[in-house]
Amino acid sequence: MKESATAPPPLPPAPGAEQYVALDFADSLLTLPAGQSLDLLATPAAAGAWLTAHGLAPEGAGLREVCASRLRDLREHVRALIGARIEGRPAPADALAAVNTALTLAPAARLLTWDPEHGLQREAAHPVTQIVEHALAALAADTADLLTAPDAERLTACGSAPCTRFLLRHGRRHWCSTRCGDRARAARFYARRTGATT
């Protein structure tokens, strides 16, 4: 696939992404019409912006390519697990291992800290050197929550080719956005018309 030369207008989050950051993470690699792709984690700067926008890293964290690469690797495993769940296949062993490894990268407990202005408070320790580990652990934990929650029954892939996003189905809706829904309806209309004339 070709990399998109100019970024298209951003799509709204797919249904369910507001509940599960793991769903938005899986959808950070998009296939657009005409064979274009858009990877929201393609560069360290893009990956840092994505993490910051989702509250997983501070502004200007200064990620390196190795950090962005680790995020992209985990994303592929998360996509594999979601895809397997949707298709009713066994979870791929390498994807399970990758998510479980990511789950153990950072402590989940929020530590008790003292701040002269605010007194005692609980917060996660986020040394700069561990930003990616914390993000990976948080994304893996949310993936595990998504795949084991009752909501997992509503997981589906967008029904509008060539879109590759996942979503939580609401009623009969199988599209991640209005744009994809319009494209699917137009394709069905075209198929009916051309089928009627042949």
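So, a few notes on the structure that sits alongside this text. Numbering of residues starts from 1 in every chain and runs along the sequence as written. Reporting of local features is limited, given that this is a predicted model, to residues whose pLDDT is at least 70; pairs of side-chain atoms are given and counted only at 80 or more, and all residues count toward the totals for whole chains, interfaces and linings. The side-chain quantities take in all heavy atoms of the structure and omit both hydrogens and water.

### Some remarks on the packing of helix H3 (residues 65-87) against helix H4 (residues 93-103)
In this analysis an axis means a line fitted to C-alpha atoms, helices contributing only their contacting stretch, and an angle means the value between N-to-C directions, from 0 to 180 degrees. In DSSP terms, a helix is any run of H or I states spanning at least four residues, a strand is any run of E spanning at least two, and both are numbered starting from the N terminus. Running from N to C, H3 and H4 point in directions that differ by 125°, and their axes come no closer than 9 Å. As the angle between them shows, H3 and H4 are arranged oblique. When the axes of H3 and H4 are compared, the crossing they make is left-handed. Within the contact between the two elements, H3 uses Leu74, His77, Val78, Ala80 and Leu81 and H4 uses Asp94, Ala95, Leu96, Ala98, Val99 and Ala102. Each angle receives one of four descriptions, namely roughly parallel if under 35 degrees, roughly antiparallel if over 145, roughly perpendicular if within 65 to 115, and oblique otherwise. What makes a crossing left-handed is the near helix being turned counterclockwise from the far one by less than a right angle; a clockwise turn instead makes it right-handed. Contacts are assigned to residue pairs that have any heavy atoms within 4.5 Å of one another.

### Concerning the packing of aromatic side chains
Pairing of aromatic rings covers Phe, Tyr and Trp, the last counted by its six-membered ring, and requires centre-to-centre distances within 6.5 Å; plane angles under 30 degrees mean stacked, over 60 mean edge-to-face, and any other angle means tilted. Summed over all chains, the structure comprises one aromatic pair. Here the aromatic rings of Phe25 and Trp50 are separated by 5.7 Å at their centres, their planes lie at 50°, and the arrangement is tilted. Of this pair, Phe25 sits in helix H1 (residues 21-26) while Trp50 sits in helix H2 (residues 44-53), and the two are 25 residues apart along the sequence. Pair check on accessibility: Phe25 and Trp50 agree, each one buried. When a residue's accessible area, from a 1.4 Å probe over protein chains only, is under 20% of the maximum for its type it is buried; when over 50% it is exposed; and in between it is partly exposed.

### What about the pattern of salt bridges?
For this document, the term salt bridge refers to a Lys or Arg side-chain nitrogen within 4 Å of an Asp or Glu carboxyl oxygen. The tally for this structure, following the rule as stated, stands at seven salt bridges. A salt bridge links Asp39 to Arg75; the shortest N-O distance between them is 2.7 Å. Taken together, the residues Asp39 in strand S3 (residues 36-39) and Arg75 in helix H3 connect sequence positions 36 residues apart. The two residues Asp39 and Arg75 agree in class, both being buried. Salt-bridge contacts for Glu87 lead to Arg89; the nearest nitrogen and oxygen are separated by 2.6 Å. The class for Arg89 is partly exposed, based on a relative accessible area of 41%. Among the ionic contacts, a cluster of salt bridges with common partners joins Asp39, Arg75 and Glu76.

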